[in-house]
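# Analysis of the macromolecular model
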Amino acid sequence: MRTLIKDGTVVTASDTFKADVWIEGSKIVGLTDPALRAAQGQPDTVVDAAGKYVMPGAIDAHTHMDLPFGGTNSSDDFDSGTVAAAFGGTTTIVDFAIQSKGASMRAGLDTWYAKAEGKAAIDYGFHMIMTEANPSTLEDMGALVREGITSFKMFMAYPGVFLVDDQQIFRAMLRAGELGALITMHAEIGLPIDVLVQRALAGGHTAPVYHALTRPEIAEATGTERAIALAEMAKVPVYMVHLSAQRALERVMEARDRGLPTYAETCPQYLFCTEDDLRGDPGDEWKGAGYVCTPPLRPAHHHDHLWRGLRTYDLQVVATDHCPFCMKDQKELGRGDFSKIPNGMPGVETRLHLLWEGVREGRISMNRFVEITSTAPAKIFGMYPRKGSIAVGADADVVVWDPEKKFTLSVETLHMRVDYSPFEGRQVIGAPAAVLSRGELIIQDDQWVAKQKQGRGQFVKRGTFAL
Ligand code: URP
Ligand code: ZN
Ligand code: ZN
């Protein structure tokens, strides 16, 4: 099966050029001059990309499908969540498998394989959340890395649930260094945060906005600094997930200026939403529950710092931390106690739409857009050059992007299985015209067009850290 994407402008992390893209089976096999098309033979399928950009399928390196959290499960599973991702131009996700406390990582990983197999519509890999770093789990890291689970998340937050102490983090970092694995950090210091939460509740402060007021920026900045210090002592790279705030970014910048292999991602919610969203509407403070995520949304002045970090390479990745909970029955669990609102926001489908605003406004270039949404996560998480580029030999994961297409973000138009949108009614300009996954046209003109949906996604065995 030969597919031709014709007359488009290819945009990679480094280059922008007119070319036809030829695909055979699941791979890109040629990038050719449109003037020489006749010499290439006949395609079986043609995708017209005139006036459009042809970009590598986006990679979302931070999702939580079907995550048990806060007394409920995130409302997208691998079926609905990966379909939604594809409609937004994402062709690979890396989801977080969880080691339950007291259980093995193997058991956690098998649970996640079972959640994804037969359901995922696009390709997927896993990070492993480590809730204990004891001799046996440290040993088990080796088997996971050999299986393609080459990154591990550890938490300084959520005491009693996910939090691990510095000694365990340090041991895991040392082991990761031996294996070529990457430790990713949720770097908010959770023990003092919990005290602030208890004091707020004792003072009768129960509204959603107290989620932000009890998780100050300094808690994230200090956690970030500590994680960097531990990684420096262990002589390993470290990757900060969901960085939200100026001072945390400054810690990353200081480390990078000293030449340390420190990496960080931010998420669209930290670039487009603010603490004010958590306050809800006048007379409806509960609406803020839809914006409860961790770290919390920050005041608006942080946005410019994060955009600058993306522009200047201090931030390498924009992922989504997609972790949706419906307002009805799920966020509801925290009515009257903000600390019981399940943490997380929907986002797997809207990342590219939102970030394209940054391109239109001149905050980032098109090439940087491709880099932070696809190429950099592919490189950092061991999927490059198979994923993350438009290049001969790469998987034909492709987004044909229409820069002028108008689209309204709304529960009515989006596919995520959640009963609200944090961006309800926002009109964006720029959206996918077509999406291909491993050479198969899966979305065209906002319709799923591939024969198969559930289960067509494949597990991506990732390589070790090689930057
Ligand atoms: O609010 C969030 N971020 N929920 C998901 C869990 C996490 O810490 O990433
Ligand atoms: Zn986290
Ligand atoms: Zn997360």
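The rules we used
- Residues numbered from 1 in each chain as written.
- Chains lettered and ligands numbered in written order.
- Predicted model: local features only at pLDDT ≥ 70, side-chain atom pairs only at ≥ 80, totals over all residues.
- Heavy atoms only, no water.
- Domains from an automatic or database assignment.
- Contact = heavy atoms within 4.5 Å.
- Buried area = accessible area lost by both parts, 1.4 Å probe.
- Salt bridge = Lys/Arg side-chain N within 4 Å of Asp/Glu carboxyl O.
- Polar contact = N/O pair within 3.5 Å; in protein donor to acceptor, adjacent residues only side chain to side chain.
- Helix = DSSP H or I, 4+ residues; strand = E, 2+ residues; numbered from the N terminus.
- Near = heavy atom within 4 Å.
- Nonpolar A, V, L, I, M, F, W, Y, C, P; charged D, E, K, R; others polar.
- Donors = N, O, S within 2.8 Å, 3.2 Å for Na, K, Ca; no water.
- Buried < 20%, exposed > 50% of the residue type's maximum accessible area, 1.4 Å probe, protein only.
- Expected span 1.5 Å × (residues − 1).
- Arc of directions from axis to C-beta.
- Core = buried A, V, L, I, M, F, W, Y, C linked by side-chain atoms within 4.5 Å.
- Tetrahedral: all angles 85-135°; square planar, octahedral: opposite > 155°, others 65-115°.
- Bend = angle between axes of the 7 residues up to and from the residue.
- Phe/Tyr/Trp six-rings, centres within 6.5 Å; stacked < 30°, edge-to-face > 60°.

A separate point is the domain arrangement of the protein chain. Here the domain parsing of the protein chain yields domain 1 (2-55 + 394-448) and domain 2 (57-380). Inter-centroid distance (C-alpha atoms) of domain 1 to domain 2 is 28 Å. Across the boundary between the two partners, domain 1 contributes 42 residues, which contact 47 residues of domain 2. Both sides together, the interface formed by domain 1 and domain 2 hides about 3,600 Å², and carbon and sulfur atoms give 63% of it. Linking domain 1 to domain 2 there are 3 salt bridges. D123 is paired through a salt bridge with R438; the nearest N and O atoms lie 2.7 Å apart. Summed over the shared surface of domain 1 and domain 2, the result is 15 residue pairs in polar contact (both at pLDDT 80 or more). Those elements that place two or more of their residues in the side of domain 1 that touches domain 2 are strand 5 (53-56), strand 16 (398-409), strand 17 (426-437), strand 18 (440-444) and strand 19 (447-448). When residues in the side of domain 1 that touches domain 2 are grouped by element, the largest group, 9 residues, is from strand 17.

Lining the immediate surroundings of ligand 1 are 14 residues, of which K153, H186, T294, D321 and N343 lie closest. In the model, an oxygen atom of ligand 1 is placed 3.0 Å from a nitrogen or oxygen of the K153 side chain. Between ligand 1 and the protein, one listed contact pairs a nitrogen atom with a side-chain N or O atom of D321 at 2.5 Å. Residues belonging to the shell around ligand 1 are distributed by class as follows: 5 nonpolar, 7 polar and 2 charged.

This next bit is on the coordination of the zinc ion (ligand 2). Each angle at a metal carrying four tetrahedral donors should ideally be 109.5 degrees, and each at a metal carrying six octahedral donors should ideally be 90 or 180 degrees. Protein-derived coordination of the zinc ion (ligand 2) comes from K153 (NZ), H186 (ND1) and H242 (NE2), at a distance range of 2.1 to 2.2 Å. Donor residues binding the zinc ion (ligand 2) come from one chain and are separated in sequence as K-x32-H-x55-H. In this structure, the zinc ion (ligand 2) lies 4.0 Å from the zinc ion (ligand 3). Of this pair, K153 sits in strand 11 (residues 151-155) while H242 is found in the loop between strand 13 (238-240) and helix 8 (246-257), placing the two residues 89 residues apart along the sequence. There is no split in this pair, since K153 and H242 are both buried.

Next up on the list: helix 4 (residues 166-179). Between its terminal C-alpha atoms helix 4 stretches 20 Å, which fits the 20 Å expected from 14 residues at 1.5 Å a residue. Taken residue by residue, helix 4 has I169, A172, M173, R175, A176 and L179 as its buried positions. Summarising the axial view, the buried residues of helix 4 lie within an arc of 170 degrees, below the 170-degree limit, and thus occupy one face. Every exposed residue of helix 4 that faces more than 90 degrees away from the buried side is listed here: Q167 and E178. Among the structural elements, helix 3 (135-146), strand 11, strand 12 (182-186), helix 7 (217-234) and strand 13 are those in contact with the buried residues of helix 4. G180, located one to two residues past helix 4, shows a positive phi value of around 75 degrees.

In terms of nonpolar packing, the biggest core is built from 126 residues, with F152 and M185 touching the most fellow members. Of all hydrophobic cores here, the second largest spans 17 residues; its members include I5, I23, V47 and A396.

This part covers the coordination of the zinc ion (ligand 3). The protein atoms that coordinate the zinc ion (ligand 3) are H62 (NE2), H64 (NE2) and D321 (OD), at distances spanning 2.0 to 2.1 Å. What the 4 donor atoms of the zinc ion (ligand 3) show is an angle range of 86 to 135 degrees at the metal, which sorts the shape as tetrahedral. Here the donor residues of the zinc ion (ligand 3) share one chain and are spaced in sequence as H-x1-H-x256-D.

This paragraph deals with helix 13 (residues 366-380). Residue pairs three or four apart in sequence face the same way in an α-helix, which turns once every 3.6 residues. The first and last C-alpha atoms of helix 13 sit 20 Å apart over 15 residues, in line with the 21 Å expected at 1.5 Å per residue. Largest kink in helix 13: about 50 degrees, centred on I372. G382 sits one or two residues past helix 13 and shows a positive phi near 70 degrees.

This part covers the packing of aromatic side chains. This model, assessed by the stated rule, comprises 21 aromatic pairs. Ring geometry for Y53 against W356: centres 6.0 Å apart, planes inclined by 50 degrees, an arrangement best described as tilted. With a gap of 303 residues between them, Y53 in strand 5 and W356 in helix 12 (residues 351-360) connect regions that are remote in the sequence. A relative accessible area of 3% places W356 in the buried class. With centroids separated by 5.4 Å and ring planes inclined at 55 degrees, the aromatic side chains of W356 and W401 adopt a geometry described as tilted. Note that W356 is positioned in helix 12 and W401 in strand 16, a separation of 45 residues in sequence. Taken together, F78, Y113, Y124, F126 and F459 form an aromatic cluster joined through their ring pairs.

On to the pattern of salt bridges. In this structure the tally under the stated criterion is 33 salt bridges. Here D7 makes a salt bridge to R37, at a shortest N to O gap of 2.8 Å. Here D7 is found in strand 1 (residues 2-11), whereas its partner R37 is found in the loop between strand 3 (27-32) and strand 4 (45-48), with 30 residues between them in sequence. Its relative accessible area of 22% is what places R37 among the partly exposed residues. The network of salt bridges with shared partners includes K27, D123, R386, K387, D395, D397 and R438.

The next subject is unusual backbone geometry. The omega torsion of the bond from T294 to P295 falls at -5 degrees, within 30 degrees of zero and hence cis. Checked against the element boundaries, P295 lands in the loop between helix 10 (275-278) and helix 11 (301-311). A cis amide bond links Y384 to the next residue, P385, at an omega of 5 degrees. Mapped onto the elements of the fold, P385 is located in the loop between helix 13 and strand 16. Unlike most non-glycine residues, D7 shows phi in positive territory, near 70 degrees. The residue D445 is not glycine, and still its phi comes out positive at about 50 degrees. For D445, the location among the structural elements is in the loop between strand 18 and strand 19.

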